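Breakdown of the fold
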Amino acid sequence: MRLFFALWPPTEAAEQLAGIARSTANQFGGKPTRQETIHLTLAFMGSVPEEQLPLLIQTAQIVHLAPFVLNIDSLGYWHRNHLLWAGSALPCIALAGLIENLQNALTKAGFAVDGRNRVFTPHITLIRKLPEDLVPPALPEIDAISWLCSSFTLVRSQTSDAGSFYQTIYDFPLRQC
Ligand code: 2AM
């Protein structure tokens, strides 16, 4: 099973982000992310054997952190993978703490977290497959979109020609004990 942990925005925030994805894709080209698939990845696990699922869930349950407000207020562009994303202009300390705690717990339990040794830039992918010859654009400013993150999710990813499909496997409430 191809799995990842993510923050899933509430409907209103997802609607706003999907609107930005569509309008920006009209301007620059590329494939906007569908509203129902908008998310922020915390840890990408890649392929995990199904029998390891209980341990994976138990491991993520160790993470006890308080809910926090995430503020998405800027766009970024990665030429190397032709991708436009949304993120926070100022790093969110609570989000960084969640990513660090979760990835540490997973690694300690023996799971391989993809990109663990690279710089991890938390982002919400809004457009894929931007034209390869696109000159780095002056990105539009966006109004801040905020939401209270009170849980994170383990998600199964299935890809087909029609795009990526995500299935929630388990929700983990954020709470300090
Ligand atoms: P992306 O949006 O920048 O592609 C599901 O594929 C999620 O996991 C996406 O948010 C994707 O980020 C992220 N991800 C991180 N590492 C990945 C990898 N090696 N392969 C596919 N997706 C990855």
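Attention in this report is confined to the structure presented alongside it. Just so you know, these numbers come straight off a predicted model, no measurement behind them.

Calculation rules
Residues numbered from 1 in each chain as written. Predicted model: local features only at pLDDT ≥ 70, side-chain atom pairs only at ≥ 80, totals over all residues. Heavy atoms only, no water. Helix = DSSP H or I, 4+ residues; strand = E, 2+ residues; numbered from the N terminus. Rg over C-alpha atoms; globule rule 2.2 N^0.38 Å. Buried < 20%, exposed > 50% of the residue type's maximum accessible area, 1.4 Å probe, protein only. Pairing = 2+ DSSP bridges. Polar contact = N/O pair within 3.5 Å; in protein donor to acceptor, adjacent residues only side chain to side chain. 1 Å grid on protein atoms, 1.4 Å probe; cavity = no way out; pocket = protein on both sides within 12 Å on 5 of 7 lines; lining within 4 Å. Points joined across faces, edges and corners; volume = space filled by probe spheres on them. Nonpolar A, V, L, I, M, F, W, Y, C, P; charged D, E, K, R; others polar. Axes fitted to C-alpha atoms, helices over the stretch in contact; angles between N-to-C directions. Contact = heavy atoms within 4.5 Å.

Examining the overall build of the chain
Assigned secondary structure in the chain consists of three helices and ten strands. For the chain, the sequential pattern of α-helices and β-strands runs β-α-β-β-α-β-β-β-α-β-β-β-β. At 16 Å, the chain has a C-alpha radius of gyration in line with the 16 Å of a compact globule built from 177 residues. The dimensions of the chain, computed from C-alpha atoms along their principal axes, are 45 × 35 × 30 Å.

Section: the pairing of strand β6 (residues 83-87)
With five of five residues buried, β6 is to be regarded as a mostly interior element. Residues Leu83, Trp85 and Gly87 of β6 are buried on one face, and the alternating residues Leu84 and Ala86, pointing to the opposite face, are buried as well. For strand β5 (residues 74-78) and β6, the ladder comprises five bridges, and the chain directions are antiparallel. Considered in β6, the bridge of Tyr77 is made with Leu84. Where β5 folds back onto β6 in an antiparallel hairpin, the turn is made up of four residues, including His82, whose phi is positive at roughly 50 degrees. As defined by bridge partners, β6 adjoins strand β7 (residues 124-128) across three bridges and the pair is classed as antiparallel. Across the sheet, the residue bridging to Leu84 is Ile127, located in β7.

Side note on the side chain of Thr153
Structurally, Thr153 is set in strand β9 (residues 151-160). One polar contact links Thr153 to Asp171, side chain to side chain, over a distance of 2.8 Å.

Here's the deal with the layout of surface pockets
Empty pockets left among the atoms are what a rolling probe the size of a water molecule brings to light. In this model, the largest pocket occupies a volume close to 1,100 Å³. Broken down by element, the lining of the largest pocket gets its largest block of residues, four residues, from strand β3 (residues 40-47). Counted by class, the lining of the largest pocket contains ten nonpolar, 14 polar and nine charged residues. Computed from the structure, the second largest pocket encloses a volume of approximately 270 Å³.

With respect to the sheet that holds β3
Pairing within the open sheet is antiparallel, and its four strands lie in the order β3-β1-β9-β10. Edge positions in the sheet fall to β3 and β10 (163-173), since each has one partner strand and no second. Pairwise comparison of adjacent strand axes, ignoring direction, gives a mean angle of 25 degrees for this sheet. Sheet topology note: the β9/β10 ladder contains ten bridges and is antiparallel. The partner of Gln158 across the bridge, within β10, is Phe165. Along the sheet face, helix α3 (residues 93-108) touches β1 (2-7), β3 and β9 and points at about 20 degrees away from the line of β3.

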